[in-house]
Amino acid sequence: MRERSGVGVVCGLLVLLGALLTGCQSPAGGVAEDGRLTEQTSGRTGERAPVSPAPTRPSGFGAVFLGVGECSSFGTTSFTEVPCAGERAAARVAARHDGTVRDGPRCPSTTDFVLHISEQRPGSDEDGDGAVPRGYACMRNLQPPHPGDPGGGGGPRTIVGDCVYGSGSGQVRETACDGTGRRDPQYKVVEAVAERADCPGSTALYVRLGGKRPVGCARPL
């Protein structure tokens, strides 16, 4: 009210003194009670200039909990989402799915490890509703080694190029092809086929791979 009264007095004085100004104009934008400028009005009475919408949540770190392309800190059981350029970043999300690994889509073939995300209610979540659903993130290390690579000796999937050893009772486990693992490699998966009959004659072991070509043809080393 004080600002408006002051403007009125100045206008009155200008008219009495015969100034060239024919009247006073109030500022295009007013001042709110909290000191912020309000939006401008257009030249026609009652119309307001378009107002920029409120900023949306930024993409990248923090917008979605461990969304594709985002990064996690070190650890597979205790971890946090961190900026990929930060010193705490260890791995990047290659794929992200709700539900469980058993019931959901398969991770990419060169996934290094899987983060199992339990249902939780953190401060920053998927869509701002205060909850993160149960799911899993397929992770790729930012720096070598990459156990999910062919012959790398690890990863959640066995793929062509991986090596295995017999662990007893007809089971096999993956190990590094270069011999740096805990166990020496005994067989190498050289091809993935739909049926065992499609494997080459040098095949000595059939390895279950899953997917559209579920049979891995392994030769002895």
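The coordinates are above.
Everything numeric in this text was worked out from a predicted model, so none of it was measured.

Rules and cut-offs
The residue count restarts for each chain, going from 1 along the sequence in the order it is written. For this predicted model, a pLDDT threshold of at least 70 governs which residues receive local features, and a threshold of 80 or more governs which side-chain atom pairs are given and counted, while totals over whole chains, interfaces and linings are taken from all residues. The basis for the side-chain values is all heavy atoms of the structure; hydrogens and waters are excluded. A helix here means a DSSP run of H or I that spans at least four residues, while a strand means a run of E at least two residues long, and both kinds are numbered starting from the N terminus. Note on classification: 1.4 Å probe, protein chains only; a residue is buried when its accessible area is under 20% of the maximum for its type, exposed when over 50%, partly exposed between these limits. Contacts between residues were defined by any pair of non-hydrogen atoms, one from each residue, lying within 4.5 Å. The Shrake-Rupley method, run with a 1.4 Å probe sphere, supplies the accessible areas, and residue values consider only the shown protein chains as cover. The charge count treats Lys and Arg as positive and Asp and Glu as negative. His and the chain ends do not count. Within this document, salt bridges are pairs made up of a side-chain nitrogen of Lys or Arg and a carboxyl oxygen of Asp or Glu, the two lying within 4 Å of each other. Throughout this description, a polar contact denotes any pair of N or O atoms lying within 3.5 Å of each other; where both atoms belong to protein, one of them has to be capable of donating a hydrogen while the other can accept it, and for residues adjacent in sequence the pair is counted only when both atoms sit in side chains. Put simply, a disulfide is two cysteine sulfurs that come within 2.5 Å. In this scheme, strands are said to pair when DSSP sees at least two bridges between them. Axes here refer to lines fitted to C-alpha atoms; in helices the fit is confined to the stretch in contact. Angles between the N-to-C directions go from 0 to 180 degrees.

(A) Up close: the overall build of the protein chain. Assigned secondary structure in the protein chain consists of 1 helix and 10 strands. Within the span of the protein chain, comprising 221 residues, buried residues form 27% of the whole. In the protein chain, once contacts between residues fewer than 6 apart in sequence are set aside, the share between residues at least 24 apart is 42%. Surface exposure of the protein chain reaches about 14,900 Å², of which carbon and sulfur atoms provide 52%.

(B) Expanded view of the side chain of Glu 81. Mapped onto the secondary structure, Glu 81 falls in strand S2 (residues 81-82). Comment: no salt bridge for buried Glu 81; closest opposite-charge side chain is Arg 96, at 7.6 Å. Within polar-contact distance, the side chain of Glu 81 engages the backbone nitrogen of Leu 66 at 2.6 Å.

(C) Expanded view of the state of the cysteines. A full pass over the atoms with the stated rule returns 4 disulfides. The disulfide bridge from Cys 163 ends at Cys 177, spanning 2.0 Å between sulfur atoms. The chirality of the disulfide connecting Cys 163 with Cys 177 is right-handed, given an S-S dihedral of about 105°. A residue pair is termed long-range when its members are at least 10 positions apart, and Cys 163 in strand S6 (residues 163-168) and Cys 177 in the loop between strand S7 (171-175) and strand S8 (187-193) qualify at 14 residues.

(D) Looking closely at the environment of Ala 197. Topologically, Ala 197 is positioned in the loop between S8 and strand S9 (205-208). Separated by 20 residues in the primary sequence, Ala 197 and Cys 217 have C-alpha atoms spaced 10.0 Å apart.

(E) Examining the pairing of strand S3 (residues 91-98) more closely. Inspection of the sheet shows strand S1 (residues 71-72) paired to S3 by 2 bridges, in the antiparallel sense. Looking at S3, one finds that Cys 71 is bridged to Arg 92. Across 7 bridges, the pairing between S3 and strand S5 (residues 135-141) is antiparallel. Across the sheet, residue Arg 92 finds its bridge partner in S5, namely Arg 140.

(F) Region of the structure containing the sheet that holds S1. With antiparallel pairing, the 5 strands of this open sheet are ordered in space as S2-S1-S3-S5-S4. Each edge of the sheet is formed by a strand with only one pairing partner; in this case those strands are S2 and strand S4 (113-117).

(G) Focus on the sheet that holds S9. Pairing is antiparallel across the open sheet formed by 5 strands, whose spatial order is S7-S6-S8-S10-S9. Every interior strand has two partners, whereas the edge strands, S7 and S9, have only one. Going across the sheet, the axis of each strand differs from the next one's by a mean of 45°, ignoring polarity. For S8 and strand S10 (residues 215-220), the ladder comprises 6 bridges, and the chain directions are antiparallel. Within the sheet, the bridge partner assigned to Glu 191 lies in S10 and is Cys 217.

(H) Looking closely at the pairing of S10. Across 4 bridges, the pairing between S9 and S10 is antiparallel. By the bridge assignment for S10, Tyr 206 is matched with Cys 217. Turn length for the S9-S10 hairpin, with the two strands adjacent in sequence and antiparallel, is 6 residues, and the turn residue Gly 210 shows positive phi of about 85°.

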